[in-house]
Amino acid sequence: MNWKDSEDSVVYADGRQVHLLAEGRLVNLSAAEGHPASVMDMSFANQALGAEYMLISAKNLQPRVYTIPATIDKEIARLKLHAMGVRIDALTPEQDKYLNSWESGT
């Protein structure tokens, strides 16, 4: 029995099973509850400002994958918090050093 309408299961003669979610489409968009607008707006802002960054910086970029500059992520976060009416303090130099000391994970 399918756990959701968006799951198709196939059982092979040898007993192996394959579960295909959302007909192989993007599961988070087509089968799941989806992301709330409060998450999607930041994702779209990240994409738009990333595209703007590539356009402005095109002459200095090589053909490869780039990480969105931290300044863009911070600006998106600042704007989102401002829109929510949330005030935040600026990091102290000590806090910034601590946050930037981690290579990955915590």
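Computed from a predicted structure; not experimentally measured.

Peer 1: Go over the overall build of the protein, please, and point to the residues and values.
Peer 2: Within the protein, the secondary structure is distributed over four helices and two strands. Excluding contacts between residues fewer than 6 apart, the proportion of contacts in the protein whose partners are at least 24 apart in sequence is 26%. Carbon and sulfur atoms make up 58% of the accessible area of the protein, which amounts to about 9400 Å² in all.

Peer 1: Can you explain helix α2 (residues 37–57)? Please cite residues and give values.
Peer 2: In this model α2 runs 29 Å from its N-terminal to its C-terminal C-alpha over 21 residues, within 8% of the 30 Å that 1.5 Å per residue would give. Along α2, the positions that sit buried rather than exposed are Met40, Gly50 and Ser57. When α2 is viewed along its axis, its buried side chains cluster within an angular range of 140° and face the same direction. Exposed and facing more than 90 degrees away from the buried side of α2 are Ala37, Leu55 and Ile56.

Peer 1: Lay out helix α3 (residues 70–83) with the relevant residues and their values.
Peer 2: Along its 14 residues, α3 runs 20 Å from first to last C-alpha, staying within 8% of the 20 Å computed at 1.5 Å per residue. Within α3 the residues assigned to the buried category are Ile72, Ile76 and Lys80. Down the axis of α3, the smallest arc covering the buried residues is 70°, so these residues share one side. Exposed residues lying more than 90 degrees from the buried face of α3 are Thr71, Lys74 and His82. Among the structural elements, α2 are those in contact with the buried residues of α3. With its phi angle positive at about 80°, Gly85 sits one or two positions after the end of α3.

Peer 1: Account for the pattern of salt bridges, with residues named and values stated.
Peer 2: In total, this model carries three salt bridges according to the counting rule given. We note a salt bridge from Lys80 to Asp41, for which the minimum N-O separation is 2.9 Å. One end of the pair, Lys80, is in helix α3; the other, Asp41, is in helix α2, with 39 residues separating them in the sequence. For the salt bridge of Glu75 with Arg78, the shortest nitrogen-to-oxygen distance reads 2.8 Å. Residue Glu75 and its partner Arg78 are located together in helix α3, separated by three residues, close to a single helical turn. Taking relative accessible area as the criterion, Glu75 reaches 31% and is therefore assigned partly exposed. For Arg78, a relative accessible area of 43% corresponds to the partly exposed category.

Peer 1: Provide a residue-level description of the side chain of Glu7, including the pertinent values.
Peer 2: Among the secondary structure elements, Glu7 is positioned in strand β1 (residues 7–11). Residue classification places Glu7 among the buried residues on the basis of a relative accessible area of 5%. A polar contact is formed between the side chain of Glu7 and the side chain of His19, at a distance of 2.8 Å.

Peer 1: Tell me about the packing of aromatic side chains, and please be specific about residues and values.
Peer 2: All chains considered together, the criterion is met by zero aromatic pairs. Directly above the aromatic system of Tyr12 lies the positively charged group of Arg16, at a separation of 5.2 Å from the ring centroid. The ring of Tyr66 has Arg64 sitting right over it, with the charged end atom 3.9 Å from the ring centre.

Rules used in this analysis
- Residues numbered from 1 in each chain as written.
- Predicted model: local features only at pLDDT ≥ 70, side-chain atom pairs only at ≥ 80, totals over all residues.
- Heavy atoms only, no water.
- Helix = DSSP H or I, 4+ residues; strand = E, 2+ residues; numbered from the N terminus.
- Contact = heavy atoms within 4.5 Å.
- Areas by Shrake-Rupley, 256 points an atom, 1.4 Å probe, with all protein chains shown as cover.
- Expected span 1.5 Å × (residues − 1).
- Buried < 20%, exposed > 50% of the residue type's maximum accessible area, 1.4 Å probe, protein only.
- Arc of directions from axis to C-beta.
- Salt bridge = Lys/Arg side-chain N within 4 Å of Asp/Glu carboxyl O.
- Polar contact = N/O pair within 3.5 Å; in protein donor to acceptor, adjacent residues only side chain to side chain.
- Phe/Tyr/Trp six-rings, centres within 6.5 Å; stacked < 30°, edge-to-face > 60°.
- Lys NZ or Arg CZ within 6 Å of the ring centre and 35° of its normal.

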